[in-house]
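# Secondary and tertiary structure notes
What follows is each chain in one-letter form.
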Amino acid sequence: MTGFSKVIQKILLTGVGFALAGLLSCHTDKSKSQLKNNEDHLYTLLSPQQTNVVFRNDVSEDSAWNILLYNYSYNGGGVATGDLNNDGLPDLVFTSNQHGARVYLNKGGLKFEDVTAKCGLDDTIGWTTGVTLADVDGDGWLDIYVSKSGPKGGRIRENRLYINNKNLSFTERGREFGLNDGEPSTNAVFFDYDNDGDLDCFIINHPENFDQILQPLAFTDTSTLPTGRDRMLENVNGHFVDVTEKAGLAHSYGYGLSVSVSDVNGDGYDDLFIANDYLSDDQLYINNGNKTFTNQTAKYLSHTSLFAMGSDFGDINNDGKQDLMVVDMKPDNHFRIKNNLFFFPMEYYYSRVNVLAPHQFIQNSLQLANDTGAYSEISQLSGLDKTDWSWNVLIQDFDNDGWNDIHITNGTKRDQNELDFVMLNDDELAPQAFSHDERNLYKRMPTTLLKHYAYRNKRNLQFEDVSEKWGLDAASIANGAAYADLDGDGDLDLVVNNTDSVAFIFRNNADKMPDANYLRIRLIGAVKNTFGLGAMVKVHAGTLNQTKELENGRGFESCSEPILHFGLGEKQTVDSLEIFWKDGRYSLLKNIKADRLLTISEDSSRIGKVRKFTTSGQPHLLAEKPKTILNFVHHESKFNDFKRDRLLPYQLSKEGPGMAVADVNGDGMDDIFITNGAGNSGKLFLQHKNGTFTESAGQPWSNDITYEGLGAVFFDANGDGKPDLYIATGSNEFKEGDKQLKDKLYINDGKGHFK
């Protein structure tokens, strides 16, 4: 999410508030001097002199082009890795917002050559965003698909398809193939959505009009929205046909920033997760297997990120199911949360929650796939909920220990959400914000240098921040990122596209470290899906079991090489390797030596085994009861603590009910009392011999609902041997000295009646 300033100015001037946490990174080359270039680190940042990669995504601003005129001016560019000339070495394709795409040929030894002109990609027209590599025409050579955006439509905003001529030259054939989508696009993924053996395409778009971010109801009716709808394109004999509405994706509409593909329900058909910015909901579309999708977000996800940006699927606990991570903008310290926060009425938030589901929050989301098929959001449990203004996320085994780690990029060119800028007084803001010359206003946005993040998997659903330890804590304005084994040594190097500074290339040093064995799998698919996209591969080595899917787009505006990488740790042999191909065929290999690249053809497979998810086999710690035991729902008041006490880390008036247990009627069975929120009554539930409970009616607290009960305890207050009830009242919504803060004491007559 970026470029919110003009909208925020409108919000402030019209009296509407809006919540947004944001972070920023500086746009200078200072980042290079801040990274420890220690060979003991897992990663080493290579200099442009070492790699010959001098690419920069320089974003120029003036009164005719800046963040106040186009909200996505600071989204940055992407990067793709893949072997463009089939020489066995992954090449690089960067996108520059104002200068198009650049191609770097891998010459070996981590040396690269800029061959953009030779390839025929000298396209500096329009605003360039994401890049994807895929064999679109099914000839065994990777093609290049470049997405275009910006406020101006027409030819300059049509996406470009560069078909590989097999001689390191490319021909732009977007219109011929039907892939010249002219909506404002962020990126695209290629996948076989109907399992017919060729690659189809899904394009993630966004509206031109950013004022719609204040209108959450608009996203339920796409007939009123003229531009920016996502596109589902079916490959029909080599030409791509728009089947968006036919496929049930007409309501796939929002400020889309990424799309990730995975077989979420294990039925052999690829599903789509769409990460949407602003108030437009994230969407999980399940493939029905008949060329249609159904939005099942609410069924699978309990809550999602609000300003969702990059996303990626990957198995974080080696249970055979693909988990999902989405990055947002929540800062990692209290000061920056409060210093980069727009406020909006809680009533506005609640009105949105009542219309659109699931709930959204300003934080990263880590969705853990459960045996039930749904997801549990565990980002806070895992220590991954706040990583500042994050763009790209990659789930991959970077240290070759057999467990997937996480890499996240951060930064934006200017900190348009810094409160000193946002809270300019109306007299000063209004004339500048809407004048013909906005140069002075956008230059007043401050910059802050922040690091990027790397997290090592601790194998217990938790992650350790190893950004500095691994040598990846550089601070820059980083957007897209991709991985590949650039030097063929069996570990994954990282490539990062920076705004206003030279791109980063990090060499992975795992090959020099002990217990860092690996196995890499290159698939050769049948028919037109020549790289085997959509295949699921399982590797078993002793007690180490891993499952990965070969999919096309990962992270933000980026694409990583189409090779599956498995770290093996100390394992030197793989006991068995299973491949579940898209067309239902199955391959099985046994006793494979580690530290090698395997090439496996679908033609050598057989029909047979059906892909399915494995379950843990362990009983669940908690089981849902078939029916409700207590007829009780706790309701809090709508008091907004933050409106009065701006610096609170959380709302103190929303601390939930207290509970006390005792045998109040002398029948030998424990009864339960639950306290009340203000405006509601506490309740006493009497237990029966069959284990059921009924509410005890006619109690004195039923008529006293103005206070809020926080705690409760049964004790013998008058010495008659009967449990009396003491209620501790409180809540931040009442002022000091308020009579509603007086505690309550109710005396029991021994039969469960109180006064």
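Residues numbered from 1 in each chain as written. Predicted model: local features only at pLDDT ≥ 70, side-chain atom pairs only at ≥ 80, totals over all residues. Heavy atoms only, no water.

### Things to note about the overall build of the protein
Of regular secondary structure, the protein possesses 13 helices and 47 strands. The burial tally for the protein puts 61% of its 755 residues in the buried class. Within the protein, contacts between residues separated by at least 24 positions form 62% of all contacts whose residues are at least 6 apart in sequence. (Helix = DSSP H or I, 4+ residues; strand = E, 2+ residues; numbered from the N terminus. Buried < 20%, exposed > 50% of the residue type's maximum accessible area, 1.4 Å probe, protein only. Contact = heavy atoms within 4.5 Å.)

### So, the nonpolar core
L179, F190, I521, L523 and L577 are the most contacted members of the largest nonpolar core, which totals 33 residues. Listed by contribution, the elements that provide at least two residues to this core are β9 (160-164), β11 (185-191), β12 (200-205), β33 (517-524), β34 (536-541), β36 (564-569), β37 (573-580) and β39 (596-601). Those residues in contact with L577 that sit more than four places away from it in its chain are L519, I521, V537, K538, V539, S587, L588, L589, I592, L598 and I600. Of all hydrophobic cores here, the second largest spans 32 residues; its members include M309, M325, V393 and I408. (Core = buried A, V, L, I, M, F, W, Y, C linked by side-chain atoms within 4.5 Å.)

### Quick look at the packing of aromatic side chains
To describe a pair of aromatic rings, one takes the distance between the centres and the angle between the planes. In total, this model carries 28 aromatic pairs according to the counting rule given. Ring geometry for Y255 versus Y278: centroids 5.1 Å apart, planes at 90°, classification edge-to-face. Remark: Y278 occurs in the loop between β16 (271-277) and β17 (283-287) and Y255 occurs in strand β15 (residues 255-262); sequence separation between them is 23 residues. For the pair formed by Y255 and Y278, the shared burial category is buried. For the pair W391 and F556, a centre-to-centre distance of 5.0 Å together with 40° between the ring planes defines the contact as tilted. A residue pair is termed long-range when its members are at least 10 positions apart, and W391 in strand β26 (residues 390-396) and F556 in the loop between β35 (544-549) and β36 qualify at 165 residues. Comparing W391 with F556 shows no difference in burial state: the two are buried. Three or more aromatic residues joined by ring pairs make a cluster, and in this case those are W65, Y70, Y72, W127, F210, Y255, Y278 and F307. (Phe/Tyr/Trp six-rings, centres within 6.5 Å; stacked < 30°, edge-to-face > 60°.)

### With respect to the pattern of salt bridges
Tallying each qualifying case throughout the model produces 38 salt bridges. One salt bridge connects K451 with D465, and the closest N-O pair in it is separated by 3.0 Å. Placement of the pair is K451 in the loop between α12 (439-442) and β28 (453-457) and D465 in strand β29 (residues 463-465), with a sequence separation of 14 residues. Exposure remark for D465: the relative accessible area of 36% places this residue in the partly exposed category. Taken together, the shared-partner salt bridges in this structure form one network comprising R155, E158, E172 and R175. (Salt bridge = Lys/Arg side-chain N within 4 Å of Asp/Glu carboxyl O.)

### With respect to the sheet that holds β16
Across the sheet, 4 strands lie side by side as β15-β16-β17-β18; this open sheet has antiparallel pairing. Looking at the sheet topology across the chains shown, the edges are occupied by β15 and β18 (293-295). For this sheet, the mean inter-axis angle between neighbouring strands, taken without regard to orientation, is 25°. Sheet analysis places β15 next to β16, joined by 7 bridges and oriented antiparallel. Pairing of S258 across the sheet is with A275, part of β16. (Pairing = 2+ DSSP bridges. Axes fitted to C-alpha atoms, helices over the stretch in contact; angles between N-to-C directions.)

### Overview of a nonpolar patch on the surface
On the surface, V713, F715, Y726 and L745 cluster together to form a nonpolar patch covering roughly 320 Å² of accessible area. With respect to the helices and strands, the residue F715 is situated in strand β45 (residues 709-715). (Patch = residues over 30% accessible without salt bridge, like charges linked within 9 Å, V, L, I, M, F, W, Y side chains within 5 Å. Areas by Shrake-Rupley, 256 points an atom, 1.4 Å probe, with all protein chains shown as cover.)

### Points about unusual backbone geometry
Here E557, not a glycine, exhibits a phi torsion of approximately 60°, which is positive. Its location among the elements puts E557 in the loop between β35 and β36. Classification of E557 as buried rests on a relative accessible area of 2%. A positive phi angle is found at N591, which is not glycine, with a value near 50°. Within the fold, N591 resides in strand β38 (residues 585-593).

### Notes on the sheet that holds strand β27 (residues 405-410)
Reading across from one edge, β26-β27-β28-β29 is the order of the 4 strands in this open sheet, with antiparallel pairing throughout. Every interior strand has two partners, whereas the edge strands, β26 and β29, have only one. Neighbour to neighbour, the strand axes of the sheet diverge by 20° on average, direction disregarded. Pairing analysis gives 3 bridges linking β28 to β29, with the strands arranged antiparallel. Bridged to N457 within β29 is F463.

### Comments concerning the environment of D62
In this fold, D62 is placed in the loop between α3 (48-51) and β3 (79-82). As for D62 and K443, which are separated by 381 residues in sequence, their C-alpha atoms are 9.6 Å apart.

### Looking at the side chain of E377
Residue placement: E377 occurs in strand β25 (residues 375-377). Of the side chains bearing the opposite charge, K330 lies closest to the buried E377, which forms no salt bridge; the N-O distance is 9.4 Å. A distance of 3.1 Å separates a polar atom in the side chain of E377 from a polar atom in the side chain of Q363. In terms of polar contacts, E377 uses its side chain to reach the backbone amide nitrogen of L366, at 2.8 Å. Setting aside residues up to four positions removed in sequence, E377 forms contacts with H303, Q363, N364, S365, L366 and Q367. (Lys, Arg positive; Asp, Glu negative; His and termini not counted. Polar contact = N/O pair within 3.5 Å; in protein donor to acceptor, adjacent residues only side chain to side chain.)

### Section: the pairing of β36
Within β36, 6 of the 6 residues are buried, leaving the element largely enclosed by the surrounding structure. By the alternation rule, side chains of β36 split into L564, F566 and L568 and H565, G567 and G569, which are all buried. Inspection of the sheet shows β33 paired to β36 by 5 bridges, in the antiparallel sense. Following the sheet pairing, I521 is matched in β36 by L564.

### So, the environment of G553
Assignment of secondary structure puts G553 in the loop between β35 and β36. A sequence separation of 473 residues divides G553 from A80, and the C-alpha atoms of the two residues are 9.1 Å apart. If near-sequence neighbours (up to four positions away) are discounted, G553 is found in contact with V189, V259 and S558.

### As for the pairing of strand β21 (residues 323-326)
As a general feature of sheets, a regular strand has side chains that alternate between the two faces. On β21, burial covers both faces: D323 and M325 on one face and L324 and V326 on the other are all buried. For β21 and strand β24 (residues 365-369), the ladder comprises 3 bridges, and the chain directions are antiparallel. Paired with V326 across the strands is S365, a residue of β24.

### Comments concerning the side chain of S185
With respect to the helices and strands, S185 occurs in strand β11. Side-chain polar atoms of S185 contact the side chain of N205, separated by 2.6 Å. Among residues more than four places away in sequence, those in contact with S185 are T129, S147, K148, S149, N159, I203, I204 and N205.

### What about the environment of D743?
If you trace the backbone, D743 turns up in the loop between β46 (724-729) and β47 (744-746). The partly exposed category is assigned to D743, whose relative accessible area is 36%. Along the chain, D743 and A712 lie 31 residues apart, while their C-alpha atoms are 9.9 Å from each other. Here D743 is in contact with Y726, I727, A728 and T729, once residues within four sequence places are set aside.

Treat this as a map of the structure, not an account of what it does.
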